[in-house]
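Per-entry structural report
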Amino acid sequence: MHRLSHRLRSFDRRHPLVWDVLVTGFFVTAAFTDVLGGGWRYITQNPQAPTWLIVTLALGFTVPLLWRRSHPVAILLPMLPLAVVNAWTGTDLQAGLTLLVVTFNIALHTGLRTLLASYALILIPIVVDGFRNATEQAADQSPDQTIVPQATRLAMVAIIGISYRTRQEYLASLVERAAQLEVERDQQARLATAAERTRIAREMHDIIGHNLSVITSLADGGSYAAAKNPERAAQALTAIGTTSRQALSELRRLLDVLRTDPSETEPQPQPQPQPQPPGAEPLGPALGLEPPGLEMAPQPSLTDLDHLIDGVRSAGLPVRTTIHGYATALPPGRQLTVYRVIQEALTNTLKHGGPDATSTVSVSYGNGGAVTATVTDTGRGSTGQGNGAGGRGLTGMRERTSLYGGTLESGPLPDHGWRVHLHLPEETPQ
């Protein structure tokens, strides 16, 4: 029923004339059925009314309903004289009840002042009908017994129209608010991504700068050793090739992440300056999760993992570690990614896990730069865990993981607690 109602409203918004013609045709058919069948004579107080008057009143009360939604006040003006005639002559056609339909549409589509003025005008034929009944010799009702019920019925219709309009405006405001929230959500996601990309660019700059410094040193040393020790010069050239390929690989990943989607034609919002990088929560420096002097110090690697875990333990979170293999052959960029993901997961456990939470860190190193890291905890497993401030923690971890074509899974455990699982595949041969 809800889907059907929604489809009917959508069709009515696209083709309003169809519904207007159907409603008007229904009232015209009902009015002339009453006139031609003689049913009006059972309730009228003037059965001798001429046929031309009955037909005129039937048309005048029903045909203007075609414009009841677009011009509700305008159709009321020609219908009022007919309503006065209908009341004064005692014809009392049931088609006169269409004034209730007009009142409902005035309440639905106009303001309160217009509704009050229209209500006062529609009371005129009601008052005329009340006093006409009072002057009849056979009348046994006073004017208030005729006027009050009709005025009350008219007021109830107006209140229903106001209530329906209020509901429509409320639903429209909810739809607009939902659309605004979707836009804000998309903007926040783009801002978080842009901020994390800026962070990654700064970190990759350090790595590439380091590689270029090594290449420069090797080239200088090789040039000096070329004349006296060709073997050492050849070793220097081999090291230069290895280092340069590694730097080019890092640069390609950076460009893949920072490139702009050509399908986007609108300018993207610029990220605001972040006092804290998305990959490092404010708890980091206070807990010793990052070395001091972040802007000037080298980026952390997996050799700093023990320092990270010791800082978390000193903050009150018991951490058990399991290491399989060695990270000596792991490139600096991959080490930084694994370090940041573990750091983010432990920081979120401190923030969301609760006072009795414990954590387990398992890292397994494979061949060719492959690495798998899993961080689990026994905390409360809040749905907000892993998202960081404003959702940037999870965004940062996924951005870092995508640099190396890896996968990142984050979610609650079946019983309780939280799990973050990172897997980086083997390096692609250059």
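As a reminder, the structure under discussion sits directly above these lines.
Now for a look at the structure at hand.

For the rest of this paragraph, the subject is the environment of Arg153. If you trace the backbone, Arg153 turns up in helix H7 (residues 143-228). Judged by its relative accessible area of 39%, Arg153 falls in the partly exposed class. Arg153 sits 53 residues away from Leu100 along the chain, and the two C-alpha atoms are 8.6 Å apart.

The 5 strands lie next to each other as E1-E2-E3-E5-E4, forming an open sheet whose pairing is mixed. Every interior strand has two partners, whereas the edge strands, strand E1 (319-324) and strand E4 (407-412), have only one. The mean inter-strand angle of the sheet, taken between neighbouring strand axes irrespective of direction, is 5 degrees. Alignment of E4 against strand E5 (residues 418-424), held across 6 bridges, turns out to be antiparallel. Note that in E5 the partner of Gly411 across the bridge is Arg419.

The full count for this structure, using the stated rule, is 7 salt bridges. In this structure, the salt-bridge partner of Asp20 is Arg69, at a minimum N-O distance of 2.9 Å. Placement of Asp20 in helix H2 (residues 16-36) and of Arg69 in the loop between helix H3 (51-62) and helix H4 (72-88) is noted, with a sequence separation of 49 residues between them. The class for Asp20 is buried, based on a relative accessible area of 9%. Among the salt bridges present, the one from Asp310 reaches Arg313, with a minimum N-O distance of 3.7 Å. Of this pair, Asp310 and Arg313 both sit in helix H10 (residues 305-314), separated by 3 residues, roughly a single helical turn. For Asp310, a relative accessible area of 44% corresponds to the partly exposed category. Among the residues examined, Arg313 registers a relative accessible area of 37% and is labelled partly exposed.

One way to put it is that H2 packs onto H3 with a least axis distance of 9 Å and a crossing angle of 160 degrees. Relative to H3, the element H2 is oriented roughly antiparallel. Relative to H3, the crossing made by H2 is right-handed. Every residue of H3 that contacts H2 at Thr24, Phe27, Val28, Ala31, Phe32 and Val35 is listed here: Ile54, Val55, Ala58, Leu59 and Thr62. Among the residues making up the contact of H2 with H3, the classes are represented as 9 nonpolar, 2 polar and no charged.

Reading guide: rules and limits
Residues numbered from 1 in each chain as written. Predicted model: local features only at pLDDT ≥ 70, side-chain atom pairs only at ≥ 80, totals over all residues. Heavy atoms only, no water. Helix = DSSP H or I, 4+ residues; strand = E, 2+ residues; numbered from the N terminus. Buried < 20%, exposed > 50% of the residue type's maximum accessible area, 1.4 Å probe, protein only. Pairing = 2+ DSSP bridges. Axes fitted to C-alpha atoms, helices over the stretch in contact; angles between N-to-C directions. Salt bridge = Lys/Arg side-chain N within 4 Å of Asp/Glu carboxyl O. Parallel < 35°, antiparallel > 145°, perpendicular 65-115°, else oblique. Left-handed = near helix turned anticlockwise from the far one by under 90°. Contact = heavy atoms within 4.5 Å. Nonpolar A, V, L, I, M, F, W, Y, C, P; charged D, E, K, R; others polar.

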